[in-house]
Amino acid sequence: MTPASVHLTPGHEAFRSEVRAVLDAHVVPCLAEWERSRCIPRPAWRLLGKHGLLGVGYAPDRDLFHSLVLLEELGRTGYAGFRAAVGVHAYMATHYLAKSGSPFLRARYLAPAVAGEKIAALAVTEPDAGSDLAGLAVSATAAGEHVVLRGVKSMITNGTTADFFVVAARTGVGSAGPAGISLFVVDSASPGVSVRPQETVGWHCADTAEVRFSDVRVPTGNMIGRVGTGFRQLMHGFQLERFVAAALALGGIESCLDATRTHLRTRHVFGGRLSDLQSVRHAMAELFTELAAARHLVHDAAWRLSQDDLPAAECSMAKLYTTELACRVADRCLQLHGANGYLAGSAVARAHAEARAATMAAGPSEVMRDLIAGEMVDLG
Ligand SMILES: Cc1cc2nc3c(=O)[nH]c(=O)nc-3n(C[C@H](O)[C@H](O)[C@H](O)COP(=O)(O)OP(=O)(O)OC[C@H]3O[C@@H](n4cnc5c(N)ncnc54)[C@H](O)[C@@H]3O)c2cc1C
């Protein structure tokens with residue numbers, strides 16, 4: 001098979017086929033049920049782990065383009081809740097353990113997460129601090145060999161099922177701003193941790209929840225990296241997070257366009273197929289052109305990330321363009337499906353509702369524009 005871009009080899013495409021076979025056999029048939037039950041069952045996590053799909057980012061024989069292929073394929077399943085849950089677990093939360101976790105933390109949390117035995121979540125956002133995370137308030141107060149966590153996190157993916165949270169907390173209590181933030185791994189079974197599901201419009205199997213820490217004692221050995229480095233770690237990790245969000249959205253766009261192409265070829269109006277109408281053909285031509293442009297942006301961001309660069313502008317561009325495009329594509333595809341597209345359970349209706357979340361999660365579009373302008377307008 002011809003690789004999907006200059007950055008991919010036949011080996012990456014063979015990996016794509018393997019991933020697609022696993023997802024088609026074991027995931028796609030179950031997604032509607034998982035969406036209804038609002039979580040991914042544990043055996044499914046183990047199955048993904050058994051097939052090596054939860055540790056692609058950390059496997060020595062895989063590179064970032066294997067991750068890109070995996071993320072695109074997760075996106076192509078057409079359920080944003082599923083792809084977000086796996087993306088958070090396999091990349092956004094566990095990244096900090098892999099990059100800065102002690103050998104003890106990697107053995108206790110990262111290894112079982114890769115195996116699908118433990119489910120991971122990233123707890124940064126709070127009810128009063130989202131984009132402006134230097135304003136976060138959850139506190140971690142020193143108490144001998146422990147810190148005591150107090151406060152609330154909100155909109156946490158995998159929130160009720162997670163076995164552990166990577167939590168951003170303020171260790172420099174009293175000192176406002178980024179300098180006092182540190183990262184900790186917290187067992188969800190720790191006394192004082194409570195979770196409350198948050199009802200979202202879509203992304204149901206992403207299991208979104210509020211997480212409350214009421215005097216939770218966390219061993220100081222559960223700190224990731226050094227004290228006060230949390231903000232810097234997050235700023236670094238957010239480049240990966242934005243790339244992941246962009247690659248997942250890319251797959252989602254493809255699945256939406258695939259479903260629409262099939263519909264247009266089979267739906268008959270005025271004595272012909274919908275796909276014969278020129279205005280419809282042109283609409284699809286434009287969307288496929290934009291998809292190709294988005295793919296170039298995302299694959300280029302992957303290449304820059306793989307060079308160990310910190311490509312803030314490129315990751316932000318990829319995230320901004322792809323997640324905004326997903327909204328436009330879903331909107332246009334819903335229109336092209338007519339009333340059938342608006343029926344509950346229709347893939348395009350779901351894509352329409354789900355696409356909106358991705359322009360906010362992992363940082364809103366406005367923040368992406370600020371970051372891009374910071375490099376393109378102020379520097380250079
Ligand atoms: C489905 C979903 C899943 C999520 N999962 C997680 C998770 O697993 N872990 C986690 O920690 N967080 C998670 N989040 C939270 C996400 O990271 C935040 O939504 C995001 O950081 C934005 O914060 P906020 O929603 O509080 O918006 P706010 O910071 O309150 O901003 C509100 C709006 O103001 C505008 N705005 C903000 N900043 C600027 C600016 N600088 N310039 C101009 N306009 C601006 C934007 O329109 C923005 O949408 C999730 C969110 C969603 C929707």
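Note that this is a predicted model, so its numbers are computed, not measured.

Take the site of the ligand next. Near the ligand there are 18 residues, and of these Leu122, Thr125, Ser131, Met155 and Glu366 occur at the shortest range. Side-chain polar atom of Ser131 to an oxygen atom of the ligand: 2.6 Å apart, as the coordinates give it. Here a nitrogen atom of the ligand sits 3.3 Å away from a polar atom, N or O, in the side chain of Asp370. Coverage of the ligand by the protein amounts to 66% of the 960 Å² it exposes when considered alone. Elements that contribute at least two residues to the shell around the ligand include exactly strand S1 (120-123), strand S3 (146-156) and helix H11 (365-376). A class-by-class count of the residues in the shell around the ligand yields 12 nonpolar, 4 polar and 2 charged.

Moving on: empty space enclosed by the protein. Counted under the stated rule, the structure contains 1 cavity of 30 Å³ or more. Roughly 30 Å³ of internal volume is contained in the largest cavity. For the lining of the largest cavity, the residue count by class is 5 nonpolar, 2 polar and 1 charged. Of the residues that make up the lining of the largest cavity, three or more belong to each of domain 1 (10-115) and domain 2 (120-228).

Under the 1.5 Å per step criterion, the end-to-end length of helix H5 (residues 80-100) is 29 Å for 21 residues, consistent within 8% with the ideal 30 Å. Across the 21 residues of H5, 18 count as buried, placing the element largely inside the fold.

Positioned with a positive phi, Asn158 is a non-glycine residue whose angle comes to about 65°. Inspection of the secondary structure puts Asn158 in the loop between S3 and strand S4 (164-170). Asn158 gets classed as buried once you look at its relative accessible area, which sits at 1%. Phi angles above zero are rare outside glycine, and Asp207 is one such case at about 55°. When you line up the elements, Asp207 lands in the loop between strand S6 (193-197) and strand S7 (209-219). Given a relative accessible area of 5%, Asp207 falls into the buried group.

Looking now at the layout of surface pockets. By volume, the second largest pocket amounts to about 540 Å³. Taken together, 20 residues make up the lining of the second largest pocket; nearest its centre are Leu64, His95, Leu240, Leu305 and Asp308. Counting only elements with at least two residues in the lining of the second largest pocket, the list comes to helix H4 (64-76), H5, helix H7 (230-266) and helix H8 (278-306). It is H5 that contributes the most residues to the lining of the second largest pocket, 4 residues altogether. Counting residues domain by domain, the lining of the second largest pocket receives three or more from each of domain 1 (10-115) and domain 3 (231-376).

So, about the domain arrangement of the protein. Domain assignment breaks the protein into domain 1 (10-115), domain 2 (120-228) and domain 3 (231-376). Each of domain 1 and domain 2 has a C-alpha centre, and these two points are 23 Å apart. Every contact between the two is made by 27 residues of domain 1 and, on the other side, 23 residues of domain 2. Buried surface at the junction of domain 1 and domain 2, both sides included, amounts to about 2,000 Å², of which 65% is carbon and sulfur. Per-residue buried area on domain 1 facing domain 2 is highest for Arg38, Tyr96 and Tyr109; these three make up 28% of the total on that side. Counting the contacts that link domain 1 with domain 2 gives 3 salt bridges. On inspection of domain 1 and its partner domain 2, the count reaches 11 residue pairs in polar contact (both at pLDDT 80 or more). Of all the elements in the fold, those that place two or more residues in the side of domain 1 that touches domain 2 are helix H2 (31-37), helix H3 (42-50), H5 and helix H6 (103-115).

Below, the discussion takes up H3. Restricting attention to buried positions, one finds in H3 the residues Ala44, Trp45, Leu48 and Gly49. The buried side chains of H3 occupy one side of the element, clustering within an arc of 145° when seen end-on. H3 presents Pro43 and Lys50 as exposed residues on the side facing more than 90 degrees away from its buried surface. Each element contacted by the buried residues of H3 is listed here: helix H1 (10-26), H2, H5 and H6. One or two positions beyond H3, positive phi appears at Gly52, with a value near 75°.

This brings us to the nonpolar core. Formed by 88 residues in total, the largest nonpolar core has its most connected members in Ile40, Phe82 and Phe243. Broken down by element, the residue count for this core peaks at 13 residues, all from H7. When near neighbours in sequence (up to four residues on either side) are disregarded, Ile40 contacts Trp34, Trp45, Phe82, Ala85, Val86 and Cys205. If you look at the next biggest cluster of nonpolar residues, it comprises 19 residues, including Ala123, Leu149, Ile156 and Val211.

Within the secondary structure, Asn222 is located in the loop between S7 and strand S8 (223-224). The class of Asn222 is buried, set by a relative accessible area of 4%. Among the polar contacts listed, one links the side chain of Asn222 to the side chain of Tyr109, at a separation of 3.4 Å. Among the polar contacts listed, one links the side chain of Asn222 to the backbone oxygen of Val185, at a separation of 2.8 Å. Not counting residues within four places of it along the chain, the set of residues in contact with Asn222 comprises Phe104, Leu105, Tyr109, Leu183, Phe184 and Val185.

What counts and how
Residues numbered from 1 in each chain as written. Predicted model: local features only at pLDDT ≥ 70, side-chain atom pairs only at ≥ 80, totals over all residues. Heavy atoms only, no water. Near = heavy atom within 4 Å. Polar contact = N/O pair within 3.5 Å; in protein donor to acceptor, adjacent residues only side chain to side chain. Areas by Shrake-Rupley, 256 points an atom, 1.4 Å probe, with all protein chains shown as cover. Helix = DSSP H or I, 4+ residues; strand = E, 2+ residues; numbered from the N terminus. Nonpolar A, V, L, I, M, F, W, Y, C, P; charged D, E, K, R; others polar. 1 Å grid on protein atoms, 1.4 Å probe; cavity = no way out; pocket = protein on both sides within 12 Å on 5 of 7 lines; lining within 4 Å. Points joined across faces, edges and corners; volume = space filled by probe spheres on them. Domains from an automatic or database assignment. Expected span 1.5 Å × (residues − 1). Buried < 20%, exposed > 50% of the residue type's maximum accessible area, 1.4 Å probe, protein only. Contact = heavy atoms within 4.5 Å. Buried area = accessible area lost by both parts, 1.4 Å probe. Salt bridge = Lys/Arg side-chain N within 4 Å of Asp/Glu carboxyl O. Arc of directions from axis to C-beta. Core = buried A, V, L, I, M, F, W, Y, C linked by side-chain atoms within 4.5 Å.

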